[in-house]
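Overview (structure and organization)
Residue strings, one per chain:
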Amino acid sequence: MAAANYVPSEDRFLCSICLDVFTDPVTTSCGHNFCKDCITEHWDISDRCQCPMCKEAFNTRPDLRVNTFISEMVAQFRQSAQQKASSSSSSSSSKQQVFKPGEVPCDVCTETKLKALKSCLVCLTSYCETHLEPHLTASSLKRHQLIDPVENLEDRMCPKHDKPLELFCKTDQTCVCMLCHVSDHKMHDVVPLKEGYEGEKAELETEIQQMIQKRQLKVEEIKHSVDLSKEEADREVAEGVQVFTALKESVERGQANLINTIKEKQKTTENQAEDLIKELEQEISELKKRSSEVEQVTDSEDHLDLLQRFMSLKVAPPTKDWTEVSIHSSHEGTVVRAVLQLEETFSKEMKKLIEGELKRVQKYAVDVTPDPDTAHPNLILSGGGKQVSHGDVKKNLPDNPERFSNHLCVLGKQSFSSGRFYFEVQVKGKTIWTLGVVRESINRKRVISMGPQWGNWTIWLRNGNEYKALDSPIVLLSLKSQPQKVGVFVDYEEGLVSFYDVDAAALIYSFTGCSFTEKLYPLFNPGSIDDGENSSPLIISPVRVN
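Everything in this summary refers to the structure shown in the same document. (Residues numbered from 1 in each chain as written. Predicted model: local features only at pLDDT ≥ 70, side-chain atom pairs only at ≥ 80, totals over all residues. Heavy atoms only, no water.)

1. Thoughts on the nonpolar core
Core analysis: the biggest nonpolar cluster contains 35 residues, and Trp-433, Val-486 and Phe-524 have the highest contact counts within it. Beyond its immediate chain neighbours, meaning those up to four positions away, Phe-524 contacts Val-368, Leu-408, Cys-409, Val-410, Gly-412, Phe-423, Val-425, Thr-434, Leu-435, Leu-538 and Ile-540. Membership of the second largest hydrophobic core comes to 18 residues, among which are Phe-22, Val-26, Phe-34 and Trp-43. (Core = buried A, V, L, I, M, F, W, Y, C linked by side-chain atoms within 4.5 Å. Buried < 20%, exposed > 50% of the residue type's maximum accessible area, 1.4 Å probe, protein only. Contact = heavy atoms within 4.5 Å.)

2. With respect to empty space enclosed by the protein
Evaluation of the coordinates by the stated rule reveals one cavity of 30 Å³ or more. Space inside the largest cavity adds up to approximately 40 Å³. Taken together, Ser-389, His-390, Lys-430, Pro-526, Gly-527, Ile-529, Asn-534, Ser-535 and Ser-536 form the lining of the largest cavity. A breakdown of the residues in the lining of the largest cavity according to their chemical character gives two nonpolar, six polar and one charged. (1 Å grid on protein atoms, 1.4 Å probe; cavity = no way out; pocket = protein on both sides within 12 Å on 5 of 7 lines; lining within 4 Å. Points joined across faces, edges and corners; volume = space filled by probe spheres on them. Nonpolar A, V, L, I, M, F, W, Y, C, P; charged D, E, K, R; others polar.)

3. Considerations on the pattern of salt bridges
A complete count under the given rule lists 16 salt bridges for this structure. Residues joined in a network through salt bridges with shared partners are Glu-232, Arg-420 and Asp-491. (Salt bridge = Lys/Arg side-chain N within 4 Å of Asp/Glu carboxyl O.)

4. A word on the sheet that holds strand E13 (residues 433-439)
Judged by pairing direction, the sheet is antiparallel, and its six strands sit side by side in the order E11-E20-E13-E14-E15-E16 without closing on themselves. Pairing within the sheet leaves two strands with one partner each, and these edge strands are strand E11 (410-411) and strand E16 (475-477). (Pairing = 2+ DSSP bridges. Helix = DSSP H or I, 4+ residues; strand = E, 2+ residues; numbered from the N terminus.)

5. So, the side chain of Arg-360
Considering the arrangement of structural elements, one finds Arg-360 in helix H7 (residues 334-361). Given the relative accessible area of 15%, Arg-360 is considered buried. A distance of 3.3 Å separates a polar atom in the side chain of Arg-360 from a polar atom in the side chain of Glu-239. Once residues within four sequence positions are removed from consideration, Arg-360 is found in contact with Arg-235, Glu-236 and Glu-239. (Polar contact = N/O pair within 3.5 Å; in protein donor to acceptor, adjacent residues only side chain to side chain.)

6. Things to note about unusual backbone geometry
Most peptide bonds adopt trans geometry, and most residues besides glycine take a negative phi value. The step from Ser-472 to Pro-473 runs through a cis peptide bond, and the omega angle for that step is 0°. The backbone of Asn-152 shows a phi angle near 55°, a positive value even though the residue is not glycine. In this structure, Asn-152 sits in the loop between strand E5 (146-147) and strand E6 (167-169). Classification of Asn-152 by relative accessible area gives partly exposed; the value is 46%. Even without being a glycine, Ala-505 presents a positive backbone phi close to 50°. Here Ala-505 lies in the loop between strand E18 (496-501) and strand E19 (506-511). The buried category is assigned to Ala-505, whose relative accessible area is 8%.

What follows is the structure in structure tokens.
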């Protein structure tokens, strides 16, 4: 009876391929046992038909049949193991923790589910303390990999071969099983999961550290930019206070001078009127005196005597002619002259501001060179590539997508998608030109519509003295002098494009509130020859700070 109840060790019923209890066990001619599906699949993907254990080769694939004796032994072993596990579970369940929501349950418990203690990556099963015991005692199961309990163990199985994902393919950056390694990933760089994890972890940590360092550098860069911005703001405030203080003092001084001038003129007028009134009153007094004398003479009846006395009264009468005498106000034009003087002061202060601003933007000077691949076939690039002029003959050039076909334009080689940049162009001796910046996607094969809404920010000269900013709407520019050298400044983030008369240190025009979403390129258009009057080239000049 003792022999009848004997159950062999579990090691005898484990397949050496899947390391699990046999399913449909078969025996090869060399005497080794395997699961029927395991050995069949192994031979399907192997180059040679041989025993995985002893490496004995077979000329033809053996006809495999289930070994009924071993199959019965396996069934008996499974039944015994289940009874033992059930008995052990019932006796120890009171001591172990019952599975709660959010915890991983034991996959073997049939009635009251206990909390899993470990999960097996080979069996893809989670075990409570009782059902984990075979993995701690059986020598074959000790080779299985146990981890802290996890859910969804089926996700750790290869969907193609239904084998544990035990390897990491560095080539494809994916987890694979042993069969994947010898089939689809045969020539790839495959390592154990632990090595793959450590490698990926080290690479990720390095990458994260690099990202941290980049961001720390960016933080320092931003802080530095803020410091520079604060310095610039302080400088702007100081200059603004200085200018407005000077203007305020000038206004106050002009107001005081205006009031004093008007008062002095009024005082002069009053004094003049007072003298005239005094003189008139004196003459009136004399005339009244004569009138009284005449009245006295008329009392006599001696006409001879009367006539003689009248003749004496007529001697030296007041002879001044007061007809044209008048008092004129001298205040006209006083206020106008004061305002003109104030305007002159304002212009001087404004010039100082523009000079300072021009010096600052000149710090962002870049070296710009026209790109011959974009030049219209009638344009000539000379002077080391820094001069652009119109030629009489249209050159036979490749009609590449970058080249202008309808406009006498050429773009700079350099593009800008952030920050600030500045360049200067000599326009001396020209009667026609167009300068500015354009976005990369501007149409170069058809007529270009000019204006910010079409992706270009430019000014031009026509007819020798007609300057316009091609804004929306177009702005006619009234300049005090004709620019000989034009400076172009762009602040990409600020959305600003400004043009300067470099020699006069004057602002020509500014496009503000621009929205830049593409690369910007400098644009140069020297215009047609205009009967020889516009033959001078546009010259991209080196920037010299005034």
